[in-house]
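Chains, contacts and geometry: an overview
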Amino acid sequence: MATETTEATAGACVDAGGSAIGMPQLCADWMPNQIFWLVISLIVIYFVMSRIALPRIGAVLAERSGTITNDLAKAEDLKLQAVEAEAAYEKALADARTEASKIVAEARAAIQSDLDAELAKADEKISAQTAESEKAIAEIRASAADSIKTVAKDVAKSLVSAMGGTADAKTVTAAVTAKMKG
Amino acid sequence: MATDAKSEGGLVFHPLDQFIVKPLFGDGPVGLMTVTNVTLWMGIAVLAIIGVFVLGSRGRATIPTRMQSIAELIYGFIYKMVEDVTGKDGVKYFPYIMTLFVFILFVNYLALLPMSYSPTSMIAVTAIMGFGVFICVTILGFVLNGAAFLGLFWMKDAPLVLRPIIAVIEVISYFVRPVSHSIRLAGNIMAGHAVIKVFAGFAALTLVSPVAILGITAIYGLEVLVAGIQAYVFTILTCVYLKDALHPAH
């Protein structure tokens, strides 16, 4: 009868001090309660999972993998474009280089022809001036020879008269001319 | 309990008292629908699951938040497990297996909080799950394969003489499955919690209390592992049994 009173107050599997009698796991009185709440919990979790959480997470994962695939494809495209752009750039560079060398050659040829023309003109001018100068020199030389002749005649006449002779102008001139030739 | 120990003047251990089912409101007997500590901690687990899986994934972000990452990680882990073990045709049972896994996982980890209650240590709880899996898988096996499901017990590559003997062993092992399936989980969780409680009892003695507290810490670390591993083991065994139902030929 004592057990009945404790049962009434604390339950079938608990002694008067509040401790478990045997294993609480094996207390048949408590099992229906646990099973009931377990089934409720599992049903709630199942519906939350299958109706809300799992489709949502699955969709997110699918969307993510789709995004990643798209991005990878896009990156591949961009890479191809970059390769194309690089080829075009290389081609443009090569074109520009040949163009530049062409321009340089042309410029060089033009400069060369200009230079040649200028040189020819300069040569012409120089030769003309040289001829002129030569003429002038020849004139100067001729006039110098005449002057010398006059001076020599005068000097000879003066010398002759100084030495007491009478200078015959004709003789002196002849002598001077002869000397100068010799 | 502390008063008990004092009044009796010695060490008194009640490591199993933590598993007592108590009504939350009032002192009456525990009826079918009484709100008890079992209800409370299962409810907290359900709320935590909703928190992680529904509120966590609320943003549907392509770049996940931390909570969504956790939910995605668990989703991916179980999805891959179901797909790897049962094959493509097992994927439609994924929500059921996911339900079992998250329930056991969350209840196990919540039970590691001080002052909490561990519903997965109760044999009634694990037995319902274990036998539930067993019954569902057996019915599924017969529905999908008919009598060919019995081929599970008839080893075609064994010598003819040995086949009946092997069949008997296979049948026995098949019927032991739900028992081991449920007792493994309940036993692991119950033993761990009880051992922690025993160490905690020793901590009352000044002389051995440092060792006892060290012991509690070590066992607690072990229990953290066990909580995850037992959820994993329960789930992967469910997958293996499901695979037997889907493809009974060895």
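Predicted model, so just to flag it, every value in this text is computed and none were measured. (Residues numbered from 1 in each chain as written. Chains lettered and ligands numbered in written order. Predicted model: local features only at pLDDT ≥ 70, side-chain atom pairs only at ≥ 80, totals over all residues. Heavy atoms only, no water.)

Topic: the interface of chain B and chain A
Facing the 48 residues of chain B at the interface are 39 residues of chain A. Here chain B packs against chain A, burying approximately 3900 Å² in sum over the two surfaces, 73% of which is carbon and sulfur. In this assembly, chain B and chain A are joined by one salt bridge. At the junction of chain B with chain A, the criterion picks out 15 residue pairs in polar contact (both at pLDDT 80 or more). Only helix H2 (37-55), helix H3 (66-86), helix H4 (94-110) and helix H5 (123-145) of chain B provide two or more residues apiece to the side of chain B that touches chain A. (Contact = heavy atoms within 4.5 Å. Buried area = accessible area lost by both parts, 1.4 Å probe. Salt bridge = Lys/Arg side-chain N within 4 Å of Asp/Glu carboxyl O. Polar contact = N/O pair within 3.5 Å; in protein donor to acceptor, adjacent residues only side chain to side chain. Helix = DSSP H or I, 4+ residues; strand = E, 2+ residues; numbered from the N terminus.)

What to know about the nonpolar core
One finds A:Met49, B:Phe53, B:Ile78, B:Met98, B:Val102, B:Phe103 and B:Met129 to be the most contacted residues of the largest nonpolar core, which totals 71 residues. Looking at which element gives the most residues to this core, the answer is H4(B), with 12 residues. Setting aside its immediate chain neighbours within four residues, B:Phe53 contacts A:Met49, A:Ala53, A:Ile57, B:Ala71, B:Ile74, B:Met98, B:Val102 and B:Phe106. (Core = buried A, V, L, I, M, F, W, Y, C linked by side-chain atoms within 4.5 Å. Buried < 20%, exposed > 50% of the residue type's maximum accessible area, 1.4 Å probe, protein only.)

Notes on the packing of H4(B) against helix H7 (residues 209-246) of chain B
Residues and elements named next belong to chain B. Direction vectors running N to C along H4 and H7 enclose 165°, while the axes themselves pass 9 Å from each other. Put simply, H4 runs roughly antiparallel to H7. Considering the relative orientation of H4 and H7, their crossing is right-handed. Facing Ile97, Leu100, Phe101, Ile104, Leu105, Asn108 and Tyr109 of H4, the residues of H7 in contact are Val224, Ala227, Gly228, Gln230, Ala231, Tyr232, Phe234, Thr235, Thr238, Cys239 and Leu242. (Axes fitted to C-alpha atoms, helices over the stretch in contact; angles between N-to-C directions. Parallel < 35°, antiparallel > 145°, perpendicular 65-115°, else oblique. Left-handed = near helix turned anticlockwise from the far one by under 90°.)

A look at the packing of H3(B) against H4(B)
Residues and elements named next belong to chain B. Between H3 and H4, the least distance of the axes is 10 Å, while the angle of their chain directions is 130°. Classified by the angle between their axes, H3 and H4 sit oblique to one another. Relative to H4, the crossing made by H3 is right-handed. When H3 is examined against H4, the residues Ile74, Tyr75, Phe77, Ile78, Tyr79 and Val82 are found in contact with a partner set consisting of Phe94, Ile97, Met98, Phe101, Val102 and Leu105. Looking at the contact of H3 with H4 residue by residue, the classes come out as 12 nonpolar, no polar and no charged. (Nonpolar A, V, L, I, M, F, W, Y, C, P; charged D, E, K, R; others polar.)

These values are about where atoms sit, not about what they do.
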